[in-house]
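This is what each chain is made of:
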Amino acid sequence: MTTQKPETETEFDVVVIGTGPGGEGAAMQLAKSGYNVAIVERHKALGGGCTHWGTIPSKALRHSVSRLIEYNNNPLFSGPGWQSGMTFSHILHYAESVIRKQVKLRSSFYERNDVTVVHGTASFLDKHRIRVTKLDGSVDDLITKHVVIASGSRPYHPGDINFDHPRIYDSDKVLSLSHEPKTILIYGAGVIGSEYASIFRGMGVKVDLINQRDRLLSFLDAEISDALSYHLRNSGVVIRHNEEYESITGYDDKVVLKTKSGKTMAADCLLFANGRSGNIEDLSCDVVGLEPNYRGQLEVNENYQTSVDNIYAVGDIIGYPSLASAAYDQGRICASSIINGESDKALVSDIPTGIYTIPEISSVGKTEEELTEMKVPYEVGRAQFKHLARAQISGADVGCLKLLFHRETRELLGLHCFGERASEIVHIGQAIMEQKNGGNTIDYFVNTTFNYPTMAEAYRVAALNGINRLAL
């Protein structure tokens, strides 16, 4: 532990470590409740990994590539004279403009709510003292009643892979990709790997997607998982299931991956997208008796309180569900716990899944496989997007909306959407699923008039399709 004398010692009610969604949610809620709050950010700009390396840039990239695909497939823009290509650097430039807007917006929140922002690396001196080491080496000490750890996560790095090699990337480093690859290996076919497979293939890059499991995104409803596999393969992505790497070696002109099954694959570069680790190392958690797991994550109770009574943790640092949307709510619930002693709020039981592949995927509630295992008598209603006027007009006719509902009570049990704007469409059904006292019913979609033409009309079509099956 350093004995360096601090330049300042300042007292606060709460110190929040990290300015991602979890830290922001906690800091804003506490500040609006009259608490004197400081938030520590180790990087020069606010927003955390969500804003700078994760959610925002990857979704901005996805949007640009999706529009490029739409442009190239639209007969209005076919023929000579139309530019149909776009470089990775051009797309990154667009993402950077979105990041700048987000940083400016998020910075204004702290200014408006009188939250003290301290830039530097935080570490515990004891459970009530945080030392912040600045970029110039000077230190400030923050004395606090409570601490919220929201330090986020980073891509997992196995020790046998050289991530310093210029052709081997993780999901953070890939945002600094300077050359234009013609081929890429993506190891890890989870959410991040599948999203980047869509992005690179949409730019015309040949993609090999290596999956350690027997199907893509196995937590999804099998029909939706199969649809994603079909559309990735249909676009030219080579998916290799049940494979694990034996070695990954970078050369001057390529990267070679050898699998445990004996295969050898080579490409211009490799993206390793197989899990994440909590940003825990610099916090000196051992000083206060906190013990992270092997992935650098902390355990918390229902109030997001760690084993140390005045220290809380939210977001990726506690693991599942590792979603920006959930992290913000966790921060607010954690703040409520600090204010009231325990929280009177909780995360919704069914957190929507948003996966920004091309086309995108979103779901909430149970899958068919889960309902079958639970022996719940359910029925299925489907709406194919190709039958919707709005989808035909916009050229977004790939995909479907799938409703699962109880055959007897007609309660909506799960909904699964595959196609453009799926992550927006899902929230209509989510709202109905949360209704009490009989409000959760598939009949709502039949008895409600939807704007025409809209994508939301898919709910009426799917509901009628499902109800018609009840008579069979």
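That block above? That's the structure.
A brief report on the enclosed structure follows. Keep in mind that this is a model prediction, so the values were computed, not measured.

## Quick word on the overall build of the protein chain
Thinking step 1. Secondary structure assignment for the protein chain yields 12 helices and 22 strands.
Thinking step 2. Its C-alpha atoms give the protein chain a radius of gyration of 24 Å, near enough to 23 Å, the size a compact globule of 472 residues would have.
Thinking step 3. When its C-alpha atoms are laid out on the principal axes, the protein chain stretches across 75 × 65 × 45 Å.
Thinking step 4. Buried positions account for 50% of the 472 residues belonging to the protein chain.
Thinking step 5. Within the protein chain, contacts between residues separated by at least 24 positions form 62% of all contacts whose residues are at least 6 apart in sequence.
Thinking step 6. In the structure as shown, the protein chain presents an accessible area of about 22200 Å², 48% of it carried by carbon and sulfur atoms.
Thinking step 7. If the 47 positive side-chain charges of the protein chain are averaged to one point and the 57 negative ones to another, these points end up 5 Å apart.

## Some remarks on the nonpolar core
Thinking step 1. Judged by nonpolar contacts, the single largest core of 46 residues is most densely connected at Val15, Ile130, Val148, Ile149, Leu290 and Ile311.
Thinking step 2. Membership of the second largest hydrophobic core comes to 35 residues, among which are Tyr169, Ile186, Tyr196 and Ile239.

## A closer look at the pairing of strand β14 (residues 264-267)
Thinking step 1. Burial of β14 is one-sided: the residues Met265 and Ala267 facing one way are buried, the residues Thr264 and Ala266 facing the other way are not.
Thinking step 2. Where strand β13 (residues 255-259) and β14 come together, four bridges link them in antiparallel fashion. Residue pairing in the sheet places Val256 in a bridge with Ala266 of β14.
Thinking step 3. Connecting β13 to the antiparallel partner β14 that follows it, the hairpin turn spans four residues, and Gly262 within it adopts a positive phi of roughly 100°.

## A word on the environment of Leu404
Thinking step 1. On the secondary structure map, Leu404 appears in strand β21 (residues 399-406).
Thinking step 2. Separated by 79 residues in sequence, Leu404 and Ser325 place their C-alpha atoms 24 Å apart.

## A look at unusual backbone geometry
Thinking step 1. Cis geometry marks the peptide bond from Tyr320 to Pro321; its omega dihedral reads 5°.
Thinking step 2. For the bond running from Tyr452 to Pro453, omega is 0°, close enough to zero to count as cis.
Thinking step 3. Its location among the elements puts Pro453 in the loop between α11 (443-447) and α12 (458-470).
Thinking step 4. One non-glycine residue, Ser284, adopts positive backbone phi at about 55°.
Thinking step 5. Tracing the sequence through the fold places Ser284 in the loop between β16 (276-278) and β17 (311-313).
Thinking step 6. Unlike most non-glycine residues, Arg410 shows phi in positive territory, near 65°.
Thinking step 7. Tracing the backbone through its elements, the reader meets Arg410 in the loop between β21 and β22 (412-419).

About the cut-offs
Residues numbered from 1 in each chain as written. Predicted model: local features only at pLDDT ≥ 70, side-chain atom pairs only at ≥ 80, totals over all residues. Heavy atoms only, no water. Helix = DSSP H or I, 4+ residues; strand = E, 2+ residues; numbered from the N terminus. Rg over C-alpha atoms; globule rule 2.2 N^0.38 Å. Buried < 20%, exposed > 50% of the residue type's maximum accessible area, 1.4 Å probe, protein only. Contact = heavy atoms within 4.5 Å. Areas by Shrake-Rupley, 256 points an atom, 1.4 Å probe, with all protein chains shown as cover. Lys, Arg positive; Asp, Glu negative; His and termini not counted. Charge placed at Lys NZ, Arg CZ, Asp CG, Glu CD. Core = buried A, V, L, I, M, F, W, Y, C linked by side-chain atoms within 4.5 Å. Pairing = 2+ DSSP bridges.

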